[in-house]
Amino acid sequence: QKQMKNQPAIRPLTLALKHFLGMRALNEVFYGGLGSYSIMCLVISFLQMHPLVQTGLIKAHENLGVLLMELFELYGRNFNSDVVGIA
């Protein structure tokens with residue numbers, strides 16, 4: 001709740017990601033998908049590490065489409081889970 005107050009873009013990004021995963025049947029943890037908590041952790045970590053959001057050069061809630069595409073790019077292509085983790 002505290003994170004969502006500080007960063008209003010968390011909610012719409014999380015819902016878009018949950019919908020995307022649900023359409024592909026990748027939202028069931030029992031079958032190897034991502035649950036709500038994992039999705040929230042990914043979105044919060046993404047926004048905390050995003051240089052333009054952190055420096056205030058862009059407002060996250062005004063650039064949701066761009067941020068969603070960058071989130072897909074980061075976790076879909078560039079994220080090396082063998083070396084990096086999210087805590």
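A few points on the structure. (Residues numbered from 1 in each chain as written. Predicted model: local features only at pLDDT ≥ 70, side-chain atom pairs only at ≥ 80, totals over all residues. Heavy atoms only, no water.)

What follows concerns the side chain of H50. Mapped onto the elements of the fold, H50 is located in the loop between α3 (36-49) and α4 (51-55). Beyond its immediate stretch of four places on either side in the chain, H50 contacts I58, L67 and E70. (Helix = DSSP H or I, 4+ residues; strand = E, 2+ residues; numbered from the N terminus. Contact = heavy atoms within 4.5 Å.)

It is worth spelling out the packing of α3 against helix α5 (residues 64-78) at this point. One way to put it is that α3 packs onto α5 with a least axis distance of 11 Å and a crossing angle of 105°. Here α3 lies roughly perpendicular to α5, going by the angle between them. Contacts from L42, V43, S45, F46, L47 and M49 of α3 reach α5 at L67, E70, L71, L74 and Y75. Split into classes, the residues belonging to the contact of α3 with α5 amount to nine nonpolar, one polar and one charged. (Axes fitted to C-alpha atoms, helices over the stretch in contact; angles between N-to-C directions. Parallel < 35°, antiparallel > 145°, perpendicular 65-115°, else oblique. Nonpolar A, V, L, I, M, F, W, Y, C, P; charged D, E, K, R; others polar.)

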